[in-house]
Amino acid sequence: MFPTKKPDLQADLGKKEHRIYTSRNLRKTQKSKQKIPHMPKLSIVIPTFNEQDNVSKIYQAVSVTMKHLDWEIIFVDDASKDSTTDKILELSKESERVRLIRRIGRRGLSSACIEGMLASTAPYVAVMDADLQHDESLLPRMLDMLEQDKDLDLVIGSRYCQNASTGTLASHRVRISRWATLVSRFFSKTDVSDPMSGFFMLRFSMLEKIAPRLSGIGFKILLDILMSSRGRCVTEELPYEMRSRQLGESKLSIKIAYDYFLLIADKTIGIYFPIRLLMFLMVGAIGVLLHLFLVWLLHIQSQVGFIEATTISTGIAMSSNFLLNNWFTHYDRRLKGFSMLKGYVSFILACSVGATINVLVADLSFENLGIWWMAALLGAVFGSTWNYTMSNILTWRPREV
Ligand code: GDD
Ligand code: MN
């Protein structure tokens, strides 16, 4: 029920307040308190993983350089183990310019950048690291270039063009980076001097066009963008001197090098054939060779009975296939500890059924076609399709969060 007596609004406002509280005034006051969603001109996406000492520093540095320009930062944090998330949340309470995307159960610099960029509503998006290695003072210039030149899609902060420098980066890392840059330039068919830079700004409309083609693998988001745009991206570069990391640790590891290889494979062969399936088939082929070698070794060389030799060889080949698939094919869903044991059992079960399907299909085809190699091939195709599908469902399930 509605209260019969109107609340004494005048009294509530205190003695000094003489404004008459009409319903029109009341509406006005409510409206002025309402937050009108604001669309900034530039979103700066900063991926973070264990960067507790850097988040407020990078925010300060960006604030100083961007001053009154219209910008926001979107941090994308992959459940850092230190207090990075809390530090960002604190910052977001102080400033409306700070947003946070939290990803749980997932890791990856490129995919974090993609999610951050796509969460933007701004017409321009930049990507830079949290560790202050990139020169944030270039940001206003990058924005200005994109605003002035409507044909320009992307401005890259380069470590390798004229007047640029890798700063104090260790010489072995510079050497590796230069080699990888040559490879990237070859495959991306661009003359960009630093296609592996982690510091750039682009037009959102361009990102939207290429987003469905992005692979999101590993560390090299710019290379992913350049290769996904298939040479149709107008770029310019600005030189900068890369600073050394003062706080926290680099996440560079051997896995990043493997990711780099996978990204190139996905962007070249992957357009025609899924890389994961290709690797699964390659592992399968290695398994067949290993199996044949072991049967030869046990049966021919060591006089073990044929059935025993085949059984032992099958077991070893299947186990080796499991390990290779776990390390390479499904590296991003790699099983460890007890899950590895469970995965091993489900893999062996799936493949045993696959082997039965192989034999049945081959037998049936031979009866009907009478061509032994075609029958064997059909059996192998059916068997491996089963193995691939079932092991994807049972053993290396994609992690859903
Ligand atoms: N969300 C998220 N998830 N962020 C990550 C992850 C991850 O799995 N791994 C690293 N980061 C964040 C780090 O917190 C940091 O802000 C940034 O990504 C770069 O990580 P570093 O570990 O410092 O990389 P780097 O310095 O070796 O290499 C960077 O700079 C190179 C030169 O520009 C990367 O950006 C390279 O791609 C780039 O080539
Ligand atoms: Mn770094």
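Relevant structure appears above.
Summary of the structure given here. Fair warning: this is a prediction, and the values are worked out from it, not measured in the lab.

1. Quick word on helix α7 (residues 171–188)
The terminal C-alpha atoms of α7 lie 25 Å apart, and with 18 residues this matches the ideal 26 Å at 1.5 Å per residue to within 8%. V174, S177, A180, T181, S184 and S188 are the residues of α7 that are buried. Projection of α7 onto a plane perpendicular to its axis shows the buried side chains occupying an angular sector of 135°, all on one side. Exposed residues on α7 whose side chains face more than 90 degrees from its buried face are S171, R175, I176, W179, L182 and F186. On its buried face, α7 sits against α9 (221–228) and α10 (254–268).

2. Here's the deal with the coordination of the manganese ion (ligand 2)
Six octahedral donors around a metal ideally subtend angles of 90 or 180 degrees, whereas four tetrahedral donors ideally subtend 109.5 degrees. Donor atoms from the polypeptide that coordinate the manganese ion (ligand 2) comprise D131 (OD) and Q133 (OE1), at 1.9 to 2.0 Å from the metal. A relative accessible area of 13% places Q133 in the buried class.

3. Section: the site of ligand 1
Surveying the vicinity of ligand 1 reveals 25 residues, the closest of which are E51, D78, R107, M196 and K251. For ligand 1, an oxygen atom lies 2.9 Å from a polar atom in the side chain of H134. Between ligand 1 and G198, the relevant distance is 3.0 Å, taken from an oxygen atom to a main-chain nitrogen or oxygen of the residue. Contact with the protein chains covers 98% of the free accessible surface of ligand 1, which is 740 Å². Partitioned by chemical class, the residues of the shell around ligand 1 number 8 nonpolar, 7 polar and 10 charged.

4. A word on the nonpolar core
By size, the foremost hydrophobic cluster in this structure holds 35 residues, and its most contacted members are L42, I44, V62, F75 and L139. Secondary structure elements with two or more residues in this core: β1 (42–48), α3 (55–66), β2 (71–77), α4 (84–94), β4 (124–127) and α6 (139–148). Of the residues forming this core, the biggest block, 6 residues, is contributed by α3. Those residues within four positions of I44 in sequence are excluded, and the remaining contacts are V62, M66, W71, E72, I73, I74, A126, M128 and L139. Within the second largest apolar cluster, 26 residues are counted, among which are C113, I114, L154 and I221.

Thresholds, definitions, all that
Residues numbered from 1 in each chain as written. Chains lettered and ligands numbered in written order. Predicted model: local features only at pLDDT ≥ 70, side-chain atom pairs only at ≥ 80, totals over all residues. Heavy atoms only, no water. Helix = DSSP H or I, 4+ residues; strand = E, 2+ residues; numbered from the N terminus. Expected span 1.5 Å × (residues − 1). Buried < 20%, exposed > 50% of the residue type's maximum accessible area, 1.4 Å probe, protein only. Arc of directions from axis to C-beta. Contact = heavy atoms within 4.5 Å. Donors = N, O, S within 2.8 Å, 3.2 Å for Na, K, Ca; no water. Near = heavy atom within 4 Å. Polar contact = N/O pair within 3.5 Å; in protein donor to acceptor, adjacent residues only side chain to side chain. Areas by Shrake-Rupley, 256 points an atom, 1.4 Å probe, with all protein chains shown as cover. Nonpolar A, V, L, I, M, F, W, Y, C, P; charged D, E, K, R; others polar. Core = buried A, V, L, I, M, F, W, Y, C linked by side-chain atoms within 4.5 Å.

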